[in-house]
Amino acid sequence: MRIAQRSSALLFALLLVTGTAAATGKKPKPAEPVNKPAASSAKQTESNAQPAVIRKPTVDIHGSPDFSSPTVATLKRDATVSVTGQQGLWFRVALPDGQAGFVRVNEVRLAYASKETGGTARALFTGKAGKGRVSETAGVRGLDESELKAAAYDAVQLAKLESYRVTPQAAAKAAGGKGWSSSKIAYATEFKPKQASGNSQSTQGEKRGMFGAARGLLSALGSNIGGSNLGGSVLGAADKVIPKSEQEITEEELALGPQIAGTILGAAALWKDDAAQRRVNLIGRWEASQTSRPDLPWAFGIIDTGEVNAFAAPGGYILITRGLYQLLSDDAEVAAVLGHEISHVVQRDHYEVIHKQEMLGAGKDIAMSQVGGGGSLATNMAKDYLAKHGALVMMTGLDRGAEYRSDEASAIYLARAGFNPLALYAVLQKMTALGASSAQLAQLYKTHPPLDERMDRIDRNGYKGLEQYTSRD
């Protein structure tokens, strides 16, 4: 009786399905097997592949991401392959003969993607560091010059950025838990602040006080000769050639940093991801501790914009974009990006740009008139500079030597902090694969040398003195 009931129920269900299909004009889909193979995966991998060429005289293609694994093939320079994915510092490649294997990220060179095929790179490098896939839309224009000049200083966002700061001790503890061990590696061209001596120069306040008195005296004597303000021009010229002490420069850096960072945050707020903000501060603070300027009040943050870019303000304020962060696969790649920006701070690259602009303008004269009006001279000068230029200095292209030096420094800082120096190369490769016309990279291309030129320079210079660190996982 039960068998008959079940048969009737089954027949009814079949009739119901057949009737529904007839009503809709669609045939019922056959049931899929439980262990159906992913037939589309090979096609998907092929469609997402990124063309690349071998960059070294000969390269062994390994069966797995391990130097000790069997060699699948050996290719010569300029042979073509297709990169189908990334695993750490290895690219998974497909060969023209159908074989597949792994090569180190610096053994091939990814081609610049066209604007139309840039999505291929994003599919390959979705990034474990961020949430979801990296996407490029018409709205990914990035911060331009007008926005950075017009942005209002955002004290609330700056306070939020600074709240994520970690102590050197906390960063060292986190590094120990991650297995990042520090190494002492010489870096001949790294900037090293001068130690204050007993015969230090007069303080900035004292010098400005003397010039203020002199200006007052000349004014009282009526030095406006022949329609030209002789007193002002003489004092202005003398003021500009007097060298600043190390203490004065550092004071200006520490005043400029939060002003510039706060202005950038006025144009693009912090990304609302506390875990990501804490992560970049732990990695960045640990890496900054391995530099010649560990005592700066380092602060790191991710701003909520889809472009791929980063900013380094004087005094230790570093901001990277969400678009760049989401492209990074692991802690080493995060450290590679931060290391490049840390070098700009250590070497005072943007401060020097500001200093030159200050010398060409009347900023000092205005700032001098504010002495005694409340606040330090350095703070007044910083505010005066921001009132004139906003955070526009972040869009001022540094000379190529400074950018190349920061790439070199990043490799050294990576090795010092327990990472593999090749991580920067991996980042440059993925940025290249986004394409020469990528909206995400538009602003970065304006201020940096072409990505392939940066990698060419790394290839030429190699990793002298760092070879033992390039085998790290």
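Look up: the structure comes first, before these words.
These numbers come from a predicted model, not from an experiment. (Residues numbered from 1 in each chain as written. Predicted model: local features only at pLDDT ≥ 70, side-chain atom pairs only at ≥ 80, totals over all residues. Heavy atoms only, no water.)

What follows is about the overall build of the protein. When its secondary structure is counted, the protein shows 19 helices and 12 strands. Considering the protein as a whole, with its 473 residues, one finds that 48% of them fall into the buried category. Counting contacts in the protein only where the partners sit at least 6 residues apart, residues at least 24 apart contribute 74% of the total. (Helix = DSSP H or I, 4+ residues; strand = E, 2+ residues; numbered from the N terminus. Buried < 20%, exposed > 50% of the residue type's maximum accessible area, 1.4 Å probe, protein only. Contact = heavy atoms within 4.5 Å.)

So, about the pairing of strand β12 (residues 317-321). With five of five residues buried, β12 lies mostly within the body of the structure. Residues of β12 alternate between two faces, with Y317, L319 and T321 on one and I318 and I320 on the opposite face, all of them buried. As judged from the four bridges shared by strand β11 (residues 310-313) and β12, these two strands associate in the antiparallel manner. Directly across from F311, in β12, lies its bridge partner L319. Between β11 and β12, which follow one another and run antiparallel, lie three residues, and G315 among them has a positive phi close to 85°. (Pairing = 2+ DSSP bridges.)

Glancing now at unusual backbone geometry. Its identity is not glycine, yet D78 carries a phi of approximately 75°, on the positive side. Examined against the element boundaries, D78 turns out to sit in the loop between β3 (71-76) and β4 (80-87). D78 sits in the exposed class, given a relative accessible area of 55%.

Okay, the nonpolar core next. Ranked by size, the top nonpolar core spans 76 residues in total, and within it F91, W298, I320, L338 and I342 carry the most contacts. Setting aside anything within four residues of it in sequence, one finds W298 in contact with R165, R285, A288, T291, R293, G316, I318, I342, V345 and V346. If you look at the next biggest cluster of nonpolar residues, it comprises 33 residues, including L256, L265, I303 and A402. (Core = buried A, V, L, I, M, F, W, Y, C linked by side-chain atoms within 4.5 Å.)

To continue, consider the sheet that holds β11. Across the sheet, three strands lie side by side as β10-β12-β11; this open sheet has mixed pairing. Only two strands of the sheet have a single partner each, and these edge strands are β10 (299-303) and β11. Ignoring which end each strand starts from, the neighbouring axes of this sheet average 15° apart. Along the sheet, helix α10 (residues 274-288) makes contact with β10 and β12, crossing β10 at roughly 145°. (Axes fitted to C-alpha atoms, helices over the stretch in contact; angles between N-to-C directions.)

To continue, consider the packing of helix α5 (residues 155-163) against helix α9 (residues 246-267). Contact geometry for α5 and α9: axes closest at 8 Å, N-to-C directions at 110°. Between α5 and α9, the angle is such that the two are roughly perpendicular. The handedness of the crossing between α5 and α9 is right-handed. Every residue of α9 that contacts α5 at Q157, L158, L161 and E162 is listed here: P258, A261, G262 and L265. (Parallel < 35°, antiparallel > 145°, perpendicular 65-115°, else oblique. Left-handed = near helix turned anticlockwise from the far one by under 90°.)

In this section: the side chain of Q429. With respect to the helices and strands, Q429 occurs in helix α17 (residues 423-434). On the basis of relative accessible area, Q429 is assigned to the buried category, the value being 0%. Other than its neighbours up to four places away in sequence, Q429 contacts F91, V105, V108, R109, L110 and M455.

Right, let's talk about the environment of R285 for a bit. Inspection of the secondary structure assignment puts R285 in helix α10. Taking the relative accessible area as the measure of exposure, R285 reaches 5% and is therefore buried. Considered as a pair, R285 and Q169 are 116 residues apart in the sequence and their alpha carbons are 9.5 Å apart. Other than its neighbours up to four places away in sequence, R285 contacts V166, T167, P168, A171, V280, P294, L296, W298 and F300. Of the polar contacts made by the side chain of R285, one reaches the backbone oxygen of P294; its length is 2.6 Å. (Polar contact = N/O pair within 3.5 Å; in protein donor to acceptor, adjacent residues only side chain to side chain.)

With that out of the way, let us pick up the pattern of salt bridges. Evaluated as defined, the whole model comprises 16 salt bridges. With its nearest N and O atoms 2.5 Å apart, the salt bridge here joins R322 to D304. One end of the pair, R322, is in helix α11 (residues 322-325); the other, D304, is in the loop between β10 and β11, with 18 residues separating them in the sequence. On the accessibility criterion, D304 (39% relative accessible area) is partly exposed. Sharing partners across several salt bridges, the network here consists of R55, R109, D456 and D459. (Salt bridge = Lys/Arg side-chain N within 4 Å of Asp/Glu carboxyl O.)

A word on the environment of S146. Mapped onto the fold, S146 is located in helix α4 (residues 145-150). C-alpha of S146 to C-alpha of A391: the two residues are 245 residues apart in sequence and 9.8 Å apart in space.

Between α9 and helix α15 (residues 377-389), the shortest axis-to-axis distance is 8 Å and the interhelical angle comes to 35°. Classified by chirality, the crossing of α15 by α9 is right-handed. Each of E251, E252, A255, L256, Q259, I260 and T263 in α9 lies in contact with α15, whose residues at this interface are A378, T379, M381, A382, K383, Y385 and L386. Class assignment for the residues of the contact of α9 with α15 results in eight nonpolar, three polar and three charged. (Nonpolar A, V, L, I, M, F, W, Y, C, P; charged D, E, K, R; others polar.)

Moving on to helix α12 (residues 331-346). For α12, built from 16 residues, the straight-helix expectation of 22 Å at 1.5 Å per residue is met to within 8% by its first-to-last C-alpha distance of 21 Å. Of all 16 residues in α12, 16 are buried; the element is thus mostly enclosed. Its side-chain oxygen 3.2 Å from the backbone nitrogen of A332, D330 forms the N-cap of α12. Among the residues trailing α12, R348 stands out with phi positive, at a value near 60°. (Expected span 1.5 Å × (residues − 1).)

The next point concerns α9. Helical geometry note: an α-helix holds 3.6 residues per turn, so side chains three or four residues apart project in the same direction. With 22 residues, α9 should cover 32 Å at 1.5 Å per step; its first-to-last C-alpha distance of 32 Å lies within 8% of that length. The buried fraction of α9 amounts to 16 of the 22 residues, a majority that puts the element mostly inside the structure.

The element strand β6 (residues 100-104) is extensively covered by neighbouring structure, given that four of its five residues are classed as buried. Counted along the chain from strand β5 (residues 90-94) to the antiparallel partner β6, the turn is five residues long, and its residue G98 has a positive phi close to 100°.

Such coordinate-based values are descriptive only and should not be taken to indicate function.
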